[in-house]
Amino acid sequence: MDAPLQIYNSLTRQKEVFTPLHAGHVGMYVCGPTVYNDVHLGNCRTFISFDVIYRYLTYLGYKVRYIRNITDVGHLLDDGEDRMSKGARLDNLEPMEVAQKYTNNFHDMMRTFNVLPPSIEPRATGHIPEQIEMVQQILDNGYAYIKNGSVYFDTVKFAEETKEYGKLSGRVIEELIAESRDNLKNQDEKNHPSDFAIWMKASDEHIMKWNSPWSVGFPGWHLECSAMSTKYLGKQFDIHGGGNDLKFPHHENEIAQNMGSCGCQPAKYWMHTNMLLMNGKKMSKSDGNTISPSELFTGDSPHVSKGYSPMVVRFFMLQSHYRSTNDLTDEALQAAEKGFKRLTEAFEALHKLHSPVTEGGAEDENISKIIHGVFEDMNDDFNTPKAIARLFELVPVINSVKDGKIPPESISQKMLEELKNAFHVIFFDILGLKTEESDADKGYVKGLMELIIRLRQQARANKDWATSDTIRDSLNALNIQIKDGKEGTEWSFK
RNA sequence: GGUCGGGUGGCCGAGUGGCUAGGCAGAGGUCUGCAAAACCUUGUACAGCGGUUCGAAUCCGCUUCCGACCUCCA
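Every value quoted in this text rests on a predicted model; they were computed, and no experiment measured them.

Rules used throughout
- Residues numbered from 1 in each chain as written.
- Chains lettered and ligands numbered in written order.
- Predicted model: local features only at pLDDT ≥ 70, side-chain atom pairs only at ≥ 80, totals over all residues.
- Heavy atoms only, no water.
- Helix = DSSP H or I, 4+ residues; strand = E, 2+ residues; numbered from the N terminus.
- Buried < 20%, exposed > 50% of the residue type's maximum accessible area, 1.4 Å probe, protein only.
- 1 Å grid on protein atoms, 1.4 Å probe; cavity = no way out; pocket = protein on both sides within 12 Å on 5 of 7 lines; lining within 4 Å.
- Points joined across faces, edges and corners; volume = space filled by probe spheres on them.
- Nonpolar A, V, L, I, M, F, W, Y, C, P; charged D, E, K, R; others polar.
- Pairing = 2+ DSSP bridges.
- Axes fitted to C-alpha atoms, helices over the stretch in contact; angles between N-to-C directions.
- Core = buried A, V, L, I, M, F, W, Y, C linked by side-chain atoms within 4.5 Å.
- Contact = heavy atoms within 4.5 Å.
- Parallel < 35°, antiparallel > 145°, perpendicular 65-115°, else oblique.
- Polar contact = N/O pair within 3.5 Å; in protein donor to acceptor, adjacent residues only side chain to side chain.
- Salt bridge = Lys/Arg side-chain N within 4 Å of Asp/Glu carboxyl O.
- Expected span 1.5 Å × (residues − 1).
- Phe/Tyr/Trp six-rings, centres within 6.5 Å; stacked < 30°, edge-to-face > 60°.

**Looking at the overall build of chain A**
Secondary structure summary: chain A contains 17 helices and 15 strands in total. Oriented by its inertia axes, the alpha-carbon framework of chain A measures out at about 90 × 55 × 35 Å. Expressed as a percentage of its 494 residues, the buried residues of chain A come to 52%.

What follows is the structure, encoded as structure tokens:
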């Protein structure tokens, strides 16, 4: 009955009904991080977005094979030095130590954000033979040429013969001629400025290099994804994702390589996440407009007035659509923090509700509509902000029943169960959020709080306002909020 | 310069040819010993100028401003 899942396809620039290549299965490849540095928040946004997409596809019943790679070689800097090698030189480490260190850091951060691990996380250095094989196939098919031990992809020939080059990013090859800079590494070796290396001959001082039929060298940056997606998902698979900034040249070149080796377009649906901004500008490693995840958590940054918890940050990110830019500001984070708290507290309150009627509550239909609406929103290109907005509509209903503002029979037992279940599925399983109960929540702090609240109740019963207010104010100073309600007093961390 | 995407109420952020997005902040009220929390009510926004239309913030054109990519970036 519900509308089918639709996905915005960057390749066709429109929403399309999602139909997997093989019924019941989804193959999804997402470009992972280059591990030469701590992960930054922009990366996190992309992986959080795809985490929700992965979770939702799984929820829909698809068996999803989710590949997210680790790039640990081949990513050149302007001066021609490999990112990994540079990291190694600066830290005085083996390149693989650098890769491992930052891979660990990346994994820690993904766990912190409650991002599920992918099905397979292949490394570029672990797939050198596959990449060499692909270079050979491209050469065999005539879409590459060898110059001094390096191999370059022939974009001009590819573009002329297939009309495919530039399709994803909207580029025209003639324009690329004029635009390309001429100060790139080995530019003189290329036949055309838009050609790109798929195998690079290594200089003597280059640390990371492998034997190949052409030279001792290393693979080009774009090649790994082509080779690894093919290896684990086949020549054609369902979804290929990544950040918007990878569209050109990375993804465009990936398509060229896949088509150049096997003759087919690798992915049916291309999905691109938009950039995380900070104060209106792209958050970027290279220009300093950035805040690290840990700085954001601790508040140790001039860009924020305080720290924000990982789940608040995740929630904040999901409150904008993955294809829209997301502007991170202190004010917006504060709004997200309060909203997140309101939602989680309503969810907790929901579990304490009971209904005297089995079915036919006055609010039943309304609630049912909201729940269905959430899934409709998710089916519409994973519209998490809209889905979350609907979740908020449940809050006043839940709180009103809890406070006795509307009678408990407004929601039937049946609906209550359905709602608890749905809320759980949406909030935890699909959006990947979790309530942040601290250790204190379970430990003796809880017992102490019960004691304190009981003492304060006695004081209030005796109209000893001075004592009761002192307790309240002191707790408040400790960031503990006292909430006097009809059914007694509750508390929470502020 | 080329390509693309945007400008929505104080802030963030959805959406749409006619029907309340939502969150935060603000205002009024209920509740309360007083508060807080919660609940109720409330603002009637869509860059500007034209055009299409019975009707446009939503479609088209122009203007303007902003951003991304074109060079390593999720």
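There is more to say after this.
**Section: empty space enclosed by the protein**
Per the counting criterion, the structure on display carries three cavities of 30 Å³ or more. Of the voids in this model, the largest cavity is the one considered here, and its volume is about 70 Å³. Around the largest cavity, the lining residues are Ser49, Val52, Ile53, Met317, Leu318, Ser320, His321, Tyr322, Phe382 and Thr384. A total of three residues in the lining of the largest cavity trace back to one element, the largest contributor, which is helix H1 (residues 41-59). Each residue belonging to the lining of the largest cavity can be placed in one class, and the counts come to six nonpolar, four polar and no charged. Looking at the second largest cavity, its volume works out to about 50 Å³.

**Points about the sheet that holds strand E13 (residues 326-328)**
Ordered in space as E12-E11-E13, the three strands form an open sheet in which the pairing is mixed. With partners counted over all chains shown, the strands left at the sheet margins are strand E12 (281-282) and E13, one partner each.

**Points about the sheet that holds strand E7 (residues 196-201)**
Across the sheet, which stays open at both edges, the four strands sit in the order E5-E6-E7-E8 with antiparallel pairing between neighbours. With one partner strand each, in any of the chains shown, strand E5 (144-147) and strand E8 (217-219) form the two edges of the open sheet. Taken over all neighbouring pairs, the strand axes of this sheet differ in orientation by 20° on average, direction set aside.

**Brief notes about the nonpolar core**
Judged by nonpolar contacts, the single largest core of 88 residues is most densely connected at Leu41, Leu57 and Leu328. With sequence-adjacent residues up to four places away left out, Leu41 is seen in contact with Phe113, Leu276, Met283, Ile291, Pro293, Leu296, Val313, Met317 and Leu328.

**What about the packing of H1 against helix H10 (residues 310-318)?**
One way to put it is that H1 packs onto H10 with a least axis distance of 10 Å and a crossing angle of 75°. Classed by the angle they form, the pair H1 and H10 counts as roughly perpendicular. Contacts between H1 and H10 involve Leu41, Arg45, Ile48, Asp51, Val52 and Arg55 on the former and, on the latter, Val313, Arg314, Met317 and Leu318. In the contact of H1 with H10, the residues fall into six nonpolar, no polar and four charged.

**Describing the side chain of Thr489**
Relative to the helices and strands, Thr489 resides in strand E15 (residues 488-493). According to the relative accessible area criterion, Thr489 is buried, its value standing at 19%. Polar side-chain contacts of Thr489 include one of 3.1 Å to the side chain of Gln457. A polar atom in the side chain of Thr489 sits 2.8 Å from the side chain of Asp484. Contacts of Thr489, omitting those with residues within four sequence positions, involve Ile453, Arg456, Gln457, Arg460, Ile482, Lys483 and Asp484.

**Quick look at the environment of Glu16**
Tracing the backbone shows Glu16 in strand E2 (residues 14-17). Apart from residues no more than four positions distant in its own chain, Glu16 is found in contact with Leu5, Gln6, Ile7, Asn9 and Tyr269. At 3.3 Å, the side chain of Glu16 forms a polar contact with the side chain of Asn9.

**Brief notes about the pattern of salt bridges**
Within the structure shown, the criterion is met by 17 salt bridges. Put simply, Asp380 and Lys15 hold a salt bridge, and the shortest N to O gap is 2.8 Å. In this pair, Asp380 sits in the loop between helix H12 (364-379) and helix H13 (384-402) while Lys15 sits in strand E2, placing the two residues 365 residues apart along the sequence. With a closest N to O distance of 2.7 Å, Arg390 and Asp377 form a salt bridge. On the criterion of sequence distance, the pair formed by Arg390 in helix H13 and Asp377 in helix H12 is long-range, its members being 13 residues apart. Classification of Asp377 by relative accessible area gives buried; the value is 4%. One salt-bridge network, held together by shared partners, links Asp51, Arg55 and Arg314.

**Describing H1**
The end-to-end C-alpha separation of H1 is 26 Å, in line with the 27 Å expected for 19 residues at 1.5 Å each. With respect to burial, H1 is a largely interior element, 17 of its 19 residues being buried. Positive phi shows up at Gly61, right after H1, with a value of about 105°.

**Focus on the packing of aromatic side chains**
In the structure shown here, the tally under the stated rule is 23 aromatic pairs. For the pair Phe158 and Tyr165, a centre-to-centre distance of 6.3 Å together with 80° between the ring planes defines the contact as edge-to-face. Classification of Phe158 as buried rests on a relative accessible area of 0%. When the centroid spacing of 5.1 Å and the interplanar angle of 45° are considered together, the rings of Phe315 and Phe340 count as tilted. One end of the pair, Phe315, is in helix H10; the other, Phe340, is in helix H11 (residues 330-350), and 25 residues separate them in sequence. Here Phe315 matches Phe340 in class, with each residue buried. Within the aromatic cluster, the residues linked to one another by ring pairs are Phe315, Phe340, Phe347, Phe392, Phe423, Phe427 and Phe428.

**Topic: unusual backbone geometry**
Omega for the peptide link from Phe248 to Pro249 comes to 0°, which places this bond in the cis form. With respect to the helices, strands and loops of the structure, Pro249 is situated in helix H8 (residues 247-262). Non-glycine residue Asn114 carries a positive phi angle of around 60°. Considering the arrangement of structural elements, one finds Asn114 in the loop between helix H3 (95-112) and helix H4 (128-140). Positive phi, normally seen in glycine, also occurs at Phe382, with a value near 55°. Within the fold, Phe382 resides in the loop between H12 and H13.

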